[in-house]
Amino acid sequence: MAEGGGAARARYESLHISDDVFGESGPDSGGNPFYSTSAASRSSSAASSDDEREPRDPQGRPPPPCEPEEDEASAGWSAALRDCPPPHFEDTGGPTRKMPPSASAVDFFQLFVPDNVLKNMVVQTNMYAKKFQERFGSDGAWVEVTLTEMKAFLGYMISTSISHCESVLSIWSGGFYSNRSLALVMSQARFEKILKYFHVVAFRSSQTTHGLYKVQPFLDSLQSSFDSAFRPSQTQVLHEPLIDEDPVFIATCTERELRKRKKRKFSLWVRQCSSTGFIIQIYVHLKEGGGPDGLDALKNKPQLHSMVARSLCRNAAGKNYIIFTGPSITSLTLFEEFEKQGIYCCGLLSARKSDCTGLPLSMLTNPTTPPARGQYQIKMKGNTSLICWYNKGHFRFLTNAYSPVQQGVIIKRKSGEIPCPLAVEAFAAHLSYICRYDDKYSKYFISHKPNKTWQQVFWFAISIAINNAYILYKMSDAYHVKRYSRAQFGERLVRELLGLEDASPTH
């Protein structure tokens, strides 16, 4: 049933919904950042709403229509709506371990990258250096790396996420990004030697066929530590975090330098707690060759994204989580499969990007005359609702997590309240949170850009671990002792890894 305007506004404002999620700035503002947060996907993204122009493929042909149902009633779709209670959820979520008020930045970081993981990197790096020299000749300048040096090595790399310098070697230069206090800890020559031989897994085992074998054990360890350190809230989002190039570098480099930059050979997907921003799970999809079978081509294939969603939600079954998805993942088949596992979904739907199999064609076709803003139409099949809502464009949603008879509002600065089903309001709220997370944390990804794919994945994973560490820090008693910003937290972490600050909890 519809709620009073005051109650709806109070609930809505508690979710901190952005003004720009659903097209306030003009007729062209249907572009939705939910599924275009990375450089690769943004180039091919179009408006979330199905605009009036018929899209065409590169050859100029219109795309094949979504799968129609000959008889919507026989397929189970009905305009008769019924109230569906939301999935029950009692877990409060949050950190699983209470950190002391004296906990340092490195204490939070080592919840995810503990000494035993760093010691393994020391062993593997030394093994690789030995084997490399056996094959290509001895290196008289090489001395086996130690745990202290490995921490300093990580500290130097992490420093690029704070200073945003393109090369970590800038620390030892006399330029703008030089830092004498950091440079004194280790010589540039020693750092470059460790960088040359650095490995997480030195050698491929006979059973290994996975392309990420050099980093997969670290990703597995990281996943285990994420699971043990944090319990997520009920609402979560599947998306690609923003991992764009540094905008200052892109604005200043030449076209030739841009062409020389190697494109990433993988896509990085995450399952993220939408109330805190904590990234619960990481999934890396490797590019499997160039040309039409490469990553850019696969990005528009719903079957690939369904596989990504299943992988990201493999530990979520039976917990009554509500998962928000972008158009490339949203599909009736996947949502019904997840519902049987106790996972509920709410997703934005696109006739161009989504798998529309089993959906009524009448709900996917735009009427000749646009309805008034805030008007919507809903059809149900079982517990699943298909919503077509109009706001300067047609937005379609598929959900089995929210009742179709519960009302919500989208609040705009200019046009006031726009009525909508509760599922639309909830989607806007959680999309807005993730956009703000990207704005706040994406600029703290490590700037070092190695050529090897496994190293790129490794540094992205380290960056995510540091962001997660900061989120836990903000939820701990330590934050009330010294309120570090994300930049200050990163600076503290770098200095503690380099041994320039006493990180012991006794101080």
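All of the points below concern the structure found in this document. (Residues numbered from 1 in each chain as written. Predicted model: local features only at pLDDT ≥ 70, side-chain atom pairs only at ≥ 80, totals over all residues. Heavy atoms only, no water.)

Brief notes about the packing of aromatic side chains
Going through the model one piece at a time under the given rule, you end up with 33 aromatic pairs. Seen from their ring centres, Phe-198 and Phe-458 are 5.4 Å apart, and the 55° between their planes marks the pair as tilted. Of this pair, Phe-198 sits in the loop between α7 (188-197) and α8 (216-229) while Phe-458 sits in helix α15 (residues 453-474), and the two are 260 residues apart along the sequence. By the burial criterion, Phe-198 is buried, and Phe-458 matches it. Through a chain of ring-to-ring contacts, the aromatic side chains of Phe-153, Tyr-156, Trp-172, Phe-191, Phe-198, Phe-218, Trp-454, Phe-458 and Trp-459 assemble into a single cluster. Against the face of Trp-142 rests Arg-190, its NZ or CZ located 5.0 Å from the ring centre. (Phe/Tyr/Trp six-rings, centres within 6.5 Å; stacked < 30°, edge-to-face > 60°. Helix = DSSP H or I, 4+ residues; strand = E, 2+ residues; numbered from the N terminus. Buried < 20%, exposed > 50% of the residue type's maximum accessible area, 1.4 Å probe, protein only. Lys NZ or Arg CZ within 6 Å of the ring centre and 35° of its normal.)

Section: α8
For α8, with 14 residues, the first-to-last C-alpha span of 20 Å sits near the 20 Å given by 1.5 Å per residue. Every buried residue belonging to α8 is among Phe-218, Leu-219, Leu-222, Gln-223, Ser-225, Phe-226 and Ala-229, and all of these are buried. The buried side chains of α8 occupy one side of the element, clustering within an arc of 165° when seen end-on. The inward-facing, buried residues of α8 contact β1 (94-95), α4 (115-136), β2 (230-231), β5 (279-286) and α15. (Expected span 1.5 Å × (residues − 1). Arc of directions from axis to C-beta. Contact = heavy atoms within 4.5 Å.)

Some points on the sheet that holds strand β4 (residues 266-273)
One open sheet holds the 8 strands; their spatial order is β5-β4-β3-β6-β7-β10-β9-β8, and the pairing between them is mixed. Either end of the sheet is taken by a strand with one partner, and the two such strands are β5 and β8 (376-381). Across the sheet, the mean angle separating the axes of adjacent strands is 15° when strand polarity is ignored. With 3 bridges connecting them, strand β3 (residues 235-239) and strand β6 (residues 321-325) associate as parallel partners. Among the inter-strand pairings, Gln-236 is bridged to a residue of β6, identified as Ile-323. Packing of helix α13 (residues 332-340) onto the sheet brings it into contact with β6, β7 (343-349), β8, β9 (384-390) and β10 (394-399), and relative to β7 it is tilted by some 165°. Lying over the sheet, helix α14 (residues 422-441) contacts β3, β4, β5, β6, β7, β9 and β10, oriented at roughly 65° with respect to β3. (Pairing = 2+ DSSP bridges. Axes fitted to C-alpha atoms, helices over the stretch in contact; angles between N-to-C directions.)

Re the environment of Asp-91
Mapped onto the elements, Asp-91 comes out in the loop between α2 (39-42) and β1. For Asp-91, a relative accessible area of 33% corresponds to the partly exposed category. A polar atom in the side chain of Asp-91 sits 3.0 Å from the backbone nitrogen of Gly-93. Within the structure, Asp-91 has its side chain in polar contact with the side chain of Arg-231 (distance 3.2 Å). (Polar contact = N/O pair within 3.5 Å; in protein donor to acceptor, adjacent residues only side chain to side chain.)

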